[in-house]
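Structure assessment
Here's the letter readout for the chains.
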Amino acid sequence: MGIRFILLDLLFVLYISCALCESTLYSAKLVHRFSDEAKAHHSARVSRNGAGIVDRVGDADAWPKRRSLDYYRRLLSSDTQRQKLKLNPQFQFLYPSRGSVTLPLGNDFGWLHYMWIDMGTPKVSFLVALDAGSDLFWVPCNCVQCAPLSSSYYSSLDKDLSEYNPSGSSTSKSLSCSHPLCEFGLNCENPKQQCPYTVNYASDDTSTSGVLVEDVLHLVSGHTNASNMSVRAPVVIGCGSKQTGGYLNGVAPDGLMGLGRGEISVPSRLAKAGLIRNSFSLCFTEDDSGRLFFGDQGVAVEQTTSFLSSDGKNLTYIVGVDSCCIGSSCLEHTNFEALVDSGTSFTFLPGQVYERVVKEFNGQVNALKSDFEGYPWQYCYKTSSEGLPKIPSVTLKFATNNSFVVHDPVFVIYGTQGAVGFCLAVQPTDEDIATIGQNFMTGYRMVFDRENFKLGWSRSNCQDLGEGGRMPLTPSADGTSPNPLPTTVQQNSPNAHAVGPAVAGKTPSKSSATRQESSYFAAKFFFIMHLALHTCLYKYAL
């Protein structure tokens, strides 16, 4: 107790000394967001950065006049958005009104996953592709050059696809060039004209162009207290009048839902409206079906890795892979960055990494290498009369020993008598950044947690993501990690150490509690003394 009083006395003297220090006043000028000064600053930014800059307010000509109706409307809109950000989201998660199930439609539709969605008033149904690698949600609309929409053109469809007509929907609204989400707004002749858009995709000569509109997307709530509640969520839609490339040859003929990190994407609009958390999940099963849930932030037992920025910007879902493992062998010099993209059917690796991976896979697989005409992969094998051999696992190792075990790295080739061969469904790319496609995500609930800037994954059959509001994913029965590292990594991992099980509710002994209390008191004192001393010295320096 004596030591405590001495410490308190010293602390008291220190604060008295600092109280005698000469006080210093600081000031800053407040500028209203719609003042003349702010307008001048905005105009200077536009002049300095050119037409590429996109501002929340729009161009200078659209600056609201003080005390006008537009002035107060914009202030109120800003206040409303701030209030929504302060509140908890309205729903635990949302999914399209036609169900959360995604559909694989095979080669006719580019091997992508699709889902039926309802849009507009009255509702019109669209079969849209899901793409985590892009932002815009677009559908064929007022078509000048679109893919065929008749079901007779597609072997897997039993009804015609739809074309969106904005004038036929009572909830449709045009987006002007002055809208914050109009990327090409500064190129418009008049800020009030309808906002044009053009999106070019990575595939050769594949693009969509048209104008932007706003309409409602029909969703269903998965909140436990609001089961099956219908939700009409306003989203931005590309009225795609002209498509090129793959979009005219079977890929996304009825539109595409961009799930990227841009402000215009559907997840971004739902989160900004305060409907859900800023996150979503995709789940792909081994029978090629799947699920989509907006607002899903995963489970505590999932493994995670952080998203990386590209050129200083957080625009896409890029992760850093430390190394690749084939079976129990982890390969050196196989680190790379990868875009996680549900809009890519298969996986691409940088050239040098690809060569090391396929060489090791080829050495471990017990099958005869062969060629199959029409298939793009270089490493294909014949099956024996006994069927598929044991396939070596492919593992992506991340920081802190988190690992992603690819459960479906091969594409099986079937003939009239069953499986005749298989290929390692990985291709090389000349790009520095790899692409993790749908085939590597099979068997996982992939959580794109944009709020916490991380990718999560956990093993799932996608059936326990029920549409009744419950999402009871639990650890494996034996308590082991759902994605154990290969044996060689577990044994040789640096900084690995065993941690004993926690004992809940156990009270420390009296001597232990005393030591902890004394240590805490002393640590707290020295921290306060250090902070106060620096404050005092800083004031004297001034």
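Right, let's walk through the structure included here. Worth saying up front: this structure is predicted, and the values here are computed from it rather than measured.

Here the focus is the overall build of the chain. Scanning the chain for helices and strands turns up eight helices and 29 strands. In the chain, once contacts between residues fewer than 6 apart in sequence are set aside, the share between residues at least 24 apart is 66%.

Using the criterion set out here, one finds 22 aromatic pairs in the structure. For the pair Y375 and W377, a centre-to-centre distance of 6.5 Å together with 25 degrees between the ring planes defines the contact as stacked. For Y375, a relative accessible area of 32% corresponds to the partly exposed category. On the accessibility criterion, W377 (7% relative accessible area) is buried. Among the aromatic side chains, those forming a connected cluster through ring pairs are F109, Y114, Y153 and Y154.

On to the sheet that holds strand 24 (residues 410-415). Taken together, the four strands give an open sheet; going across it, the order is 20-21-25-24, and neighbouring strands pair in antiparallel fashion. Of all the strands in the sheet, the pair left with one neighbour each is strand 20 (368-370) and strand 24. Pairwise comparison of adjacent strand axes, ignoring direction, gives a mean angle of 40 degrees for this sheet. Where strand 21 (residues 380-382) and strand 25 (residues 418-424) come together, three bridges link them in antiparallel fashion.

Before going further, it helps to examine the pairing of strand 29 (residues 454-459). Looking down a regular strand, the side chains alternate between one sheet face and the other. Bridge count for strand 13 (residues 303-306) against strand 29 is four bridges, and the pairing is antiparallel. Bridging from a neighbouring strand, Q303 pairs with W457 of strand 29. For strand 28 (residues 444-449) and strand 29, the ladder comprises six bridges, and the chain directions are antiparallel. The residue of strand 29 that forms the bridge with D449 is K454. The loop that links strand 28 with its antiparallel partner strand 29 comprises four residues; one of these, F453, has a positive phi angle of about 55 degrees.

Cut-offs used in this document
Residues numbered from 1 in each chain as written. Predicted model: local features only at pLDDT ≥ 70, side-chain atom pairs only at ≥ 80, totals over all residues. Heavy atoms only, no water. Helix = DSSP H or I, 4+ residues; strand = E, 2+ residues; numbered from the N terminus. Contact = heavy atoms within 4.5 Å. Phe/Tyr/Trp six-rings, centres within 6.5 Å; stacked < 30°, edge-to-face > 60°. Buried < 20%, exposed > 50% of the residue type's maximum accessible area, 1.4 Å probe, protein only. Pairing = 2+ DSSP bridges. Axes fitted to C-alpha atoms, helices over the stretch in contact; angles between N-to-C directions.

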